Amino acid sequence: QVQLVESGGGLVQPGGSLRLSCAASGSIFSILAMGWYRQAPGKQREWVATITSGGSTNYAGSVKGRFTIARDNAKNTVYLQMNSLKPEDTAVYYCYGFNNGSAREYWGQGTQVTVSS
């Protein structure tokens, strides 16, 4: 079983930066595709970014060029560096992991990011 715990959310001014972290338990982190989703108030959850077990990355158009996803397999952790934040980035950010072999998904509890002056 894999448990995911996010941290690093908070309140930041427009144009500022935050780095989210997602720590995973268990021994299979290195084989998981990892990523981030977000859900703004009154909106559906939307995909933000993914990093494969091999390190390939992909981003939603709304964050491309501003957000960077990275992973550290030695620390069982995935990161989301968020720069040039905008009020529309305000949301609860969820970490997820996907095991291609078993088709199992894992989700964190979410961390709130608020971009406001």
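Residues numbered from 1 in each chain as written. Predicted model: local features only at pLDDT ≥ 70, side-chain atom pairs only at ≥ 80, totals over all residues. Heavy atoms only, no water.

Peer 1: Mind showing me how you'd approach the overall build of the protein here?
Peer 2: Within the protein, the secondary structure is distributed over zero helices and 11 strands. In the protein, the succession of helices and strands from N to C terminus is β-β-β-β-β-β-β-β-β-β-β. For 117 residues, the compact-globule estimate of 2.2 N^0.38 gives 13 Å, and the protein sits close to it at 14 Å. Evaluated residue by residue, the protein yields a buried proportion of 44% over its 117 residues. Within the protein, contacts between residues at least 6 apart in sequence are counted, and of these 55% link residues at least 24 apart. Working note: accessible area of the protein is about 5,900 Å², and carbon and sulfur atoms make up 46% of it. One finds the centroid of the 10 positive side-chain charges in the protein at a distance of 3 Å from the centroid of its 6 negative side-chain charges. (Helix = DSSP H or I, 4+ residues; strand = E, 2+ residues; numbered from the N terminus. Rg over C-alpha atoms; globule rule 2.2 N^0.38 Å. Buried < 20%, exposed > 50% of the residue type's maximum accessible area, 1.4 Å probe, protein only. Contact = heavy atoms within 4.5 Å. Areas by Shrake-Rupley, 256 points an atom, 1.4 Å probe, with all protein chains shown as cover. Lys, Arg positive; Asp, Glu negative; His and termini not counted. Charge placed at Lys NZ, Arg CZ, Asp CG, Glu CD.)

Peer 1: What should I look at first to understand the nonpolar core in this one?
Peer 2: Nonpolar side chains in soluble globular proteins tend to end up buried together. Counting residues in hydrophobic clusters, the biggest one holds 30 residues, and the most contacted among them are Met 34, Trp 36, Val 78, Leu 80, Met 82 and Tyr 93. Broken down by secondary-structure element, the contributors of at least two residues to this core are strand S3 (18-24), strand S4 (33-39), strand S5 (46-51), strand S7 (67-72), strand S8 (77-82), strand S9 (91-99) and strand S11 (111-115). For Met 34, the residues in contact, after removing those within four places along its chain, are Leu 4, Cys 22, Phe 29, Ala 49, Thr 50, Ile 51, Ile 69, Arg 71, Val 78, Cys 95, Tyr 96 and Gly 97. (Core = buried A, V, L, I, M, F, W, Y, C linked by side-chain atoms within 4.5 Å.)

Peer 1: Would you take a moment to explain the state of the cysteines for this structure?
Peer 2: Disulfide: a covalent bond formed between the sulfur atoms of two cysteine residues. Summed over the entire model, instances satisfying the criterion amount to one disulfide. Sulfur-sulfur distance for the disulfide between Cys 22 and Cys 95 comes to 2.1 Å. Between Cys 22 and Cys 95, the S-S torsion sits near -80°, and that sign places the bridge as left-handed. Here the residue Cys 22 occupies a position in strand S3, and Cys 95 occupies one in strand S9, the gap between them amounting to 73 residues. In terms of burial, Cys 22 and Cys 95 fall into one category: buried. (Disulfide = S-S within 2.5 Å.)

Peer 1: I tried to follow the environment of Val 113 on my own but got confused; where do I start?
Peer 2: Within the secondary structure layout, Val 113 lies in strand S11. Counting along the chain gives 28 residues from Val 113 to Leu 85, while the straight-line C-alpha distance between them is 9.9 Å. Sequence-distant contacts of Val 113, that is, excluding residues within four places in its chain, are made with Gly 9, Gly 10, Leu 18, Leu 20, Met 82, Asp 89, Thr 90, Ala 91 and Tyr 93.

Peer 1: Please explain the side chain of Thr 90 as it appears in this structure.
Peer 2: Examined against the element boundaries, Thr 90 turns out to sit in the loop between S8 and S9. A distance of 2.9 Å separates a polar atom in the side chain of Thr 90 from the backbone oxygen of Pro 87. Not counting the four nearest positions on each side in its chain, Thr 90 is found in contact with Ala 40, Pro 41, Gln 112, Val 113, Thr 114 and Val 115. (Polar contact = N/O pair within 3.5 Å; in protein donor to acceptor, adjacent residues only side chain to side chain.)

Peer 1: Explanation requested: the packing of aromatic side chains in the structure shown.
Peer 2: The description of two aromatic rings rests on the distance between their centres and on the angle between their planes. For the structure shown, the criterion picks out three aromatic pairs. Pairing Tyr 37 with Tyr 96 gives two aromatic rings, centres 5.1 Å apart and planes at 70°, and the pair type is edge-to-face. Of this pair, Tyr 37 sits in strand S4 while Tyr 96 sits in strand S9; the two residues are 59 residues apart in sequence, bridging distant segments of the chain. Judged by relative accessible area, which is 22%, Tyr 37 ranks as partly exposed. Of the aromatic side chains, those joined through ring pairs into one cluster are Tyr 37, Tyr 96 and Trp 107. Here the basic side chain of Arg 45 rests over the ring of Tyr 94, its NZ or CZ set 3.8 Å away from the ring centre. Cation over ring: Arg 45 sits above Trp 107, and NZ or CZ is 4.9 Å from the ring centre. (Phe/Tyr/Trp six-rings, centres within 6.5 Å; stacked < 30°, edge-to-face > 60°. Lys NZ or Arg CZ within 6 Å of the ring centre and 35° of its normal.)

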